[in-house]
Amino acid sequence: MKLSKFYLPLGAVVLVMLGGSIVLNFILYAQVKKYYFELNQTRLDPVGLGYFPANSQGVTNTNKFRVVFFGDSRAADWISPNLNGYEFINRGIGSQTSIQIRERFSSHVRPLKPNVVVIQFGINDLKTIGLFPERREEIVSNCKANIQRIVAETKSLGAVAILTTIFPAGEVPLPRKPFWSDDIGKAVKEVNAYIATLADDRTIVFDAFSLLADRQGVMLSQYRVDELHYNAQAYEILNKELVEVINRVRQ
């Protein structure tokens with residue numbers, strides 16, 4: 001009886017560990033499959049030019065005040081406000097870095113002839129600092145330059161740029177920690193400080209970071225999908241402010 005009392009709990013522990021290992025392996029496999037798919041998709045179309053219809057302008061109503069969301073997955077996930085007299089078009093693509101976004105501006109935004117472009121990107125550049133810490137300054141510098149370039153391209157269309165600060169990241173799960181760095185959050189704050197300097201009569205800086213972050217500068221838990229992505233509640237909060245900004249632009 002004493003032996004059975006000893007071995008039963010041990011067997012249960014082994015089963016729990018085995019089950020946990022299977023679950024972890026499944027999660028890791030799903031992540032590897034996702035990144036492998038994205039890698040090969042990027043090889044086929046590095047900038048993502050084929051992501052949207054070539055004749056974008058023909059499928060939109062030119063009589064309405066046109067607002068284009070442009071950037072990475074955080075832009076792609078942005079739920080459009082429900083406003084009469086406005087047309088919202090989304091041209092966000094997940095996982096893209098600033099250079100990819102910059103290179104597709106002419107194909108994905110320019111033909112739409114927008115009145116306003118809402119710009120959100122940068123985290124996919126800055127998160128690579130965890131992988132390439134020695135290239136930190138280069139990564140941040142290039143991100144800033146591409147932001148400035150897209151703002152200039154937007155204004156060249158006669159449109160107003162609503163330039164959002166980069167959203168904060170959330171708590172990083174254990175499997176991702178080896179590829180993360182505390183310096184990523186510092187870089188986000190640095191680029192956001194740079195974004196604030198770009199405000200002018202045709203560029204409105206929209207401080208999304210402050211609306212979404214806690215006191216430590218981390219994504220508020222109620223808005224979390226994962227460490228980088230936000231739920232519908234977060235976009236509702238953003239839209240309350242965004243609608244006021246867009247209405248002021250149209251006046």
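As a reminder, the structure under discussion sits directly above these lines.
Parameters at a glance
Residues take numbers from 1 onward in each chain, read along the sequence in its written order. Selection of residues for local features in this predicted model requires a pLDDT of at least 70, selection of side-chain atom pairs for listing and counting requires 80 or more, and totals for whole chains, interfaces and linings are taken over all residues. Side-chain measures here rest on the full set of heavy atoms in the structure, leaving out hydrogens and waters. Think of a 1 Å grid over the protein atoms and nothing else: a 1.4 Å probe that fits but is trapped marks a cavity, an open set flanked by protein within 12 Å on at least five of seven lines marks a pocket, and residues with an atom within 4 Å of a point count as lining. Grid points are joined across faces, edges and corners, and a volume is the space filled by probe spheres set on the points. Strands are runs of DSSP state E lasting at least 2 residues, helices are runs of H or I lasting at least 4, and numbering of each runs from the N terminus. Three classes are used, and their members are as follows: Ala, Val, Leu, Ile, Met, Phe, Trp, Tyr, Cys and Pro are nonpolar, Asp, Glu, Lys and Arg are charged, and the others, Gly among them, are polar. The span you would expect from a helix comes to 1.5 Å times its residue count less one. Exposed residues in this analysis have more than 50% of their type's maximum accessible area, buried residues have under 20%, and partly exposed residues fall in between, with area computed by a 1.4 Å probe over protein chains only. Within this analysis, the arc is defined by the directions that extend from the helix axis to the C-beta atoms. The contact definition used throughout considers only heavy atoms, calling two residues in contact when any of these lie within 4.5 Å. In protein, a polar contact means a hydrogen-donor-capable atom and an acceptor-capable atom, both N or O and within 3.5 Å, with residues adjacent in sequence counting only if both atoms are side-chain atoms; elsewhere, any N or O pair within 3.5 Å suffices. Strands pair, by our definition, only if DSSP identifies at least two bridges between them.

Concerning the layout of surface pockets
At step 1: The calculated volume of the second largest pocket comes to roughly 380 Å³.
At step 2: Lining the second largest pocket we find 19 residues, and of these Trp 180, Ser 181, Asp 182, Gly 185 and Val 218 sit closest to its centre.
At step 3: Looking at the lining of the second largest pocket, the element that brings in the most residues is helix H7 (residues 182-196), giving six residues.
At step 4: Residues that form the lining of the second largest pocket fall into these classes: nine nonpolar, five polar and five charged.

Side note on H7
At step 1: Given a rise of 1.5 Å per residue, 15 residues ought to cover 21 Å, and the 22 Å separating the end C-alpha atoms of H7 matches this to within 8%.
At step 2: Turning to H7, its buried residues number three or more, namely Ile 184, Ala 187, Val 188, Val 191, Asn 192 and Ile 195. Buried residues of H7, seen end-on, are gathered within an arc of 140° and therefore sit on one face of the element. Structural note: H7 exposes Asp 182 and Lys 186 on the side pointing more than 90 degrees away from its buried face.
At step 3: Residues of H7 that are buried in the fold lie against helix H5 (123-126), helix H6 (136-156), strand S4 (160-164), strand S5 (203-206) and helix H8 (208-212).
At step 4: The backbone nitrogen of Asp 183 has a side-chain oxygen 3.0 Å away, supplied by the residue at the start of H7, namely Ser 181.

So, the pairing of strand S1 (residues 65-71)
At step 1: Of all seven residues in S1, seven are buried; the element is thus mostly enclosed.
At step 2: Where burial is concerned, the two faces of S1 agree: the one with Phe 65, Val 67, Phe 69 and Gly 71 and the one with Arg 66, Val 68 and Phe 70 are both buried.
At step 3: Pairing analysis gives five bridges linking S1 to strand S3 (residues 116-120), with the strands arranged parallel. Following the sheet pairing, Gly 71 is matched in S3 by Gln 120.

Observations regarding helix H9 (residues 232-250)
At step 1: Taking 1.5 Å per residue, 19 residues should reach 27 Å; H9 reaches 26 Å between its end C-alpha atoms and fits that length.
At step 2: Taken residue by residue, H9 has Ala 234, Tyr 235, Leu 238, Asn 239, Leu 242, Val 243, Val 245 and Ile 246 as its buried positions.
At step 3: Between the side-chain oxygen at the start of H9 and the backbone nitrogen of Gln 233 there is a gap of 3.2 Å, and the oxygen is on Asn 231.

Distances and angles like these do not, on their own, reveal function.
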